[in-house]
Amino acid sequence: MNRFRWIPAMVVVAMLTGCVPSFKEDTEVLQDTDETEAEVETTIIPSMQLNDNYYKTLVPYKESASRGLVVSNINTKYDIKEVEEGLMRLSQNVYDTENYFFQEGQYLDSDTISNWLARSNQNADEPEELRGLNPADVNKNGEKMDPETRAKEAPIYLAHIVEQNYLVKTEDNKVKLGGISIGLALNSIYYYQKEQYGDTFEEEIPNAEIEQKGKEIAKEVINRLRQRPELKDVPIVIGLFKQQANNAIVPGSYFAYNVSEKGQSDLGEWQDINENYVTFPMSSPDAEYRKVNESFQKFKQEVDEYFSNYTSVIGRGFYQNNTLTKLSIEIPIQFYGTTEIIGFTQYLSGIIVQQLPADVDIEVSITSINGPEALLIKERSDEEPFVHIYDY
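Reading guide: rules and limits
- Residues numbered from 1 in each chain as written.
- Predicted model: local features only at pLDDT ≥ 70, side-chain atom pairs only at ≥ 80, totals over all residues.
- Heavy atoms only, no water.
- Helix = DSSP H or I, 4+ residues; strand = E, 2+ residues; numbered from the N terminus.
- Buried < 20%, exposed > 50% of the residue type's maximum accessible area, 1.4 Å probe, protein only.
- Contact = heavy atoms within 4.5 Å.
- Areas by Shrake-Rupley, 256 points an atom, 1.4 Å probe, with all protein chains shown as cover.
- Core = buried A, V, L, I, M, F, W, Y, C linked by side-chain atoms within 4.5 Å.
- Lys, Arg positive; Asp, Glu negative; His and termini not counted.
- Salt bridge = Lys/Arg side-chain N within 4 Å of Asp/Glu carboxyl O.
- Polar contact = N/O pair within 3.5 Å; in protein donor to acceptor, adjacent residues only side chain to side chain.

Named according to an unreviewed UniProt entry, the protein is CamS family sex pheromone protein originating from Ureibacillus galli.

As structure tokens, this is what we get:
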């Protein structure tokens, strides 16, 4: 029998993440805010942790020093989410979730990041540590490149920089910076106009070029961070993220990362990351996606036979090391009544088990013009999905 109920949304989150509420008291500690002046402030380590895949976050929550830039610099809402979540995921290779606490980046402010994202000739009068990390758009004679030449020879590679801080608790009941992570979001396509208010053109950037330029930029970023006294003696994780096109409906992914050990100005050996997102259904899938695509087609066919008032069924698969680990499905429908939603949702809970892979995490979201209508979650360890009907 499927788990089917109306419950408050916050409770849903806890149950879906496998969280058992903890009744331990939160821990109050002191946090160094400026080591040079020995300033401290009181903060709280919450006792609640959803599961081992999440870091505890200190209270009060500190917003990023560059808050708001990610929205203006990243192409799609999918990339905005993944450039941050993916960085947190790869950070777990260095900072374990038991002993480290998460905090948004506090060292790179909006002005610094904006300067670093500029072309190197646009702020040439600034100190070297503030100059742009993207290539100059002038030729050897100092003349401005025309748009087409610039697109081929000097595109904007670096689109955004994400910073995350990871803190540790000390023996004297304080928390201090234990390490930072930096995500470099790199463009896969350079968009440009030949004339103001004209058509937009695009120039695809080859993967090898993205990787080469990304690693060069990463080295310079590490050098600049190490010049700051407060960042000299902490490990720095740096990841390279490849953005998708402006109209993509799946996010990009991190493809490589490196670690600069504490006290070191050099990077270590680059580690490849084999992660990617794909969309289902596919018309002509590669061999590695064919089996899942067939299962998804059968699932979609079952939906077609039961319910005609939907616009599409879209699946997004997340692959790690060529293995599907999560499948997210969106089903937008026309809304006619609560009983119709209940019947359709109950039907879906059955065909999820029958048609979709059993060894992956599955999330199915049913929406209408009114917003979310139902959510079905099946973790790989579950025999049946958890079902939630939204009660407005």
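This is not the end of the story, as more comes after the structure.
Caption draft 1: Up close: the overall build of the protein. Along the protein, the regular secondary structure elements total eight helices and 18 strands. Burial status across the protein gives 45% buried among its 392 residues. The long-range share in the protein, meaning contacts at least 24 apart out of those at least 6 apart in sequence, stands at 60%. In the structure as shown, the protein presents an accessible area of about 20700 Å², 46% of it carried by carbon and sulfur atoms.

Caption draft 2: Here's a closer look at the nonpolar core. The biggest cluster of nonpolar side chains holds 32 residues, and the ones touching the most others in it are Leu158, Ile161, Ile182, Leu184, Val221, Leu225 and Ile238. Within the residue set of this core, elements represented by two or more residues are helix H4 (110-117), strand S6 (158-169), strand S7 (174-186), strand S8 (189-193), helix H6 (207-226) and strand S10 (236-242). When near neighbours in sequence (up to four residues on either side) are disregarded, Ile238 contacts Ile182, Leu184, Ala218, Val221, Ile222, Ala256, Tyr257, Asn258, Leu267 and Trp270. Among the nonpolar cores identified, the runner-up in size contains 29 residues, and Tyr289, Val313, Leu327 and Val387 belong to it.

Caption draft 3: Region of the structure containing the environment of Ala65. When you line up the elements, Ala65 lands in the loop between strand S4 (56-57) and helix H2 (69-73). With residues near it in sequence (within four places) discarded, Ala65 still touches Gly105, Gln106, Leu108, Asp109 and Ser110.

Caption draft 4: Highlighting the side chain of Glu163. Relative to the assigned elements, Glu163 resides in strand S6. For the buried Glu163, which has no salt bridge, the nearest side chain bearing the opposite charge is Arg228, at an N-O separation of 6.8 Å. Within the structure, the side chain of Glu163 is placed 3.3 Å from the backbone nitrogen of Gln106, a separation counted as a polar contact. Polar side-chain contacts of Glu163 include one of 3.1 Å to the backbone nitrogen of Tyr107. The residues touching Glu163, leaving out its near neighbours within four places in the chain, are Glu104, Gly105, Gln106, Tyr107, Leu108, Ser181 and Ile182.

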